[in-house]
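Spelled out from the first residue to the last, the chains are:
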Amino acid sequence: MKIAVVADSASYLTKEQEKQYGISVIPIPIIWNNKTYRDMIDITSEEFYRRLYSEQELPTTSTPSMGEVQKLMDQLVQEEYTDVIFVTISSGLSSFYPSLVAYAETEKRINIHAFDSKVTCAGSANMAMLAAKLVAAGKSVPEIISSLSDLRATTHVRFMVDDLSHLKRTGRLSNAASFVAGMLKIKPILGMDVQEEGKISAIGKERQAKKAFEHIKRDFAAAIADVDYPVQVTFFDAAAPELKAEWMADFKQSFPNVRILSSIIGPVVGVHVGQGCIALIWSKDIQGFA
């Protein structure tokens, strides 16, 4: 058995992480002014947020084509892989996971094991890196899928957006109708139901970014208070590096036993959350899995 690990670009793995863990990445398309861009290939994060700020027409996203998936499967078959563990963006945000499941049923040359991360960005990156780590340790596919499920069960998300209009426009806010009214000059606090449908919902609001941070920090402290495993937290931002640095510095001082990491919100996810979003995802530390 020879196992490959694949993720989609919404994980925002760095090139160094892709190389270190041997993870292949399928880009998610962005449609803007009738032109299609492959996430992090045809458009960088910097270019995306610069254009998002200045252009009137706003972008949308699509699912990766099965042609792209087939091309990668052709390559993996040629390299004599027998199995692929494919970690996808949440099925609560994208139709890619069910499309991949349907494709896997038709692919007879290689066994495709689609895993719905129920999250995005650093959360799905963590799962892809854990899968690759366990492949390197000689674990079987069922053992790896079991560990990914365990990691997903400990994964939690909080984030703050400057403007809910992007999530409302793209239909990614599950309780938009009940929450959007009266949101002027309010900092919405959002989460994802990672252990259920993997959808985004607004769970609170504060009048200042500082208050929103304190709210999120309280949620984090309460969530990890009684856990019996090491914790890691990743901060990621949509072109808001200074604010991310402030949040990280505070957490490093307040939670010295937590491993603190940094990532980004790239173009595909930025379409839905807009510029200025800052987020954190925490879970059991992937270094704690044998």
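The name given to the protein chain in an unreviewed UniProt entry is Fatty acid-binding protein DegV, and the organism recorded there is Amylolactobacillus amylophilus DSM 20533 = JCM 1125. Its UniProt record gives the protein chain a comment under Function (unreviewed entry), which states: "May bind long-chain fatty acids, such as palmitate, and may play a role in lipid transport or fatty acid metabolism."

Counting through the fold element by element, Ala212 comes out in helix α9 (residues 209-224). A relative accessible area of 0% means that Ala212 is categorised as buried. C-alpha of Ala212 to C-alpha of Met160: the two residues are 52 residues apart in sequence and 7.2 Å apart in space. Here Ala212 is in contact with Met160, Lys187, Ile189 and Glu206, once residues within four sequence places are set aside.

Looking now at unusual backbone geometry. Of note, Met40 is a non-glycine position whose phi angle comes to about 65°, a positive value. Secondary-structure assignment places Met40 in the loop between β4 (35-38) and α2 (45-54). Classification of Met40 as partly exposed rests on a relative accessible area of 35%. Phi at Ala239 takes a positive value of approximately 55°, unusual for a residue other than glycine. In this structure, Ala239 sits in the loop between β11 (231-237) and α10 (241-254).

Another point: α9. For α9, which comprises 16 residues, the first-to-last C-alpha distance of 23 Å matches the rise-based estimate of 22 Å (1.5 Å per residue) to within 8%. Residues of α9 that are buried: Ala212, Phe213, His215, Ile216, Phe220 and Ile224. The arc that holds every buried residue of α9, seen down its axis, measures 160°, which confines them to one face. In α9, the exposed residues that point more than 90 degrees away from the buried face are Lys210, Arg218 and Ala222. Tucked into the core, α9 has its buried residues touching β8 (156-160), β9 (187-192), β10 (200-206), β11, α10 and β13 (278-284).

Further remarks concern the sheet that holds β4. Read across the sheet, three strands follow the order β4-β3-β5 without closing on themselves; strand pairing throughout is antiparallel. The open sheet has two free edges, formed respectively by β4 and β5 (60-61), since each of these has just one partner strand. Sheet analysis places strand β3 (residues 29-32) next to β5, joined by two bridges and oriented antiparallel. Looking at β5, one finds that Ile30 is bridged to Thr61.

With domains assigned, the protein chain is organised as domain 1 (3-153) and domain 2 (154-288). Distance from the C-alpha centre of domain 1 to the C-alpha centre of domain 2: 21 Å. The interface of domain 1 with domain 2 comprises 38 residues on the first partner and 37 residues on the second. Taking both partners together, domain 1 and domain 2 bury about 2,900 Å²; carbon and sulfur atoms supply 65% of that area. Looking at the side of domain 1 facing domain 2, the largest losses of area belong to Tyr12, Tyr49 and Leu93, adding up to 22% of the total buried there. The interface formed by domain 1 and domain 2 includes zero salt bridges.

Attention now goes to the sheet that holds strand β6 (residues 83-88). If you walk across this open sheet you meet the four strands as β2-β1-β6-β7, and the pairing is parallel. The sheet is open, and its two edges are formed by β2 (23-26) and β7 (111-116), each paired on a single side. Between one strand axis and the next, the sheet turns through 25° on average, direction left out of account. Pairing between β6 and β7: six bridges, direction parallel. Of the residues in β7, the one forming a bridge with Asp83 is Asn111. On the sheet, helix α3 (residues 66-78) packs against β1 (3-8), β2, β6 and β7 and is oriented at approximately 155° with respect to β2. Strand contacts of helix α6 (residues 141-153): β1, β6 and β7, with the helix running at about 10° to β7, the strand carrying the most contacts.

Parameters at a glance
- Residues numbered from 1 in each chain as written.
- Predicted model: local features only at pLDDT ≥ 70, side-chain atom pairs only at ≥ 80, totals over all residues.
- Heavy atoms only, no water.
- UniProt positions renumbered as here; feature names shortened; annotations may be inferred.
- Helix = DSSP H or I, 4+ residues; strand = E, 2+ residues; numbered from the N terminus.
- Buried < 20%, exposed > 50% of the residue type's maximum accessible area, 1.4 Å probe, protein only.
- Contact = heavy atoms within 4.5 Å.
- Expected span 1.5 Å × (residues − 1).
- Arc of directions from axis to C-beta.
- Pairing = 2+ DSSP bridges.
- Domains from an automatic or database assignment.
- Buried area = accessible area lost by both parts, 1.4 Å probe.
- Salt bridge = Lys/Arg side-chain N within 4 Å of Asp/Glu carboxyl O.
- Axes fitted to C-alpha atoms, helices over the stretch in contact; angles between N-to-C directions.

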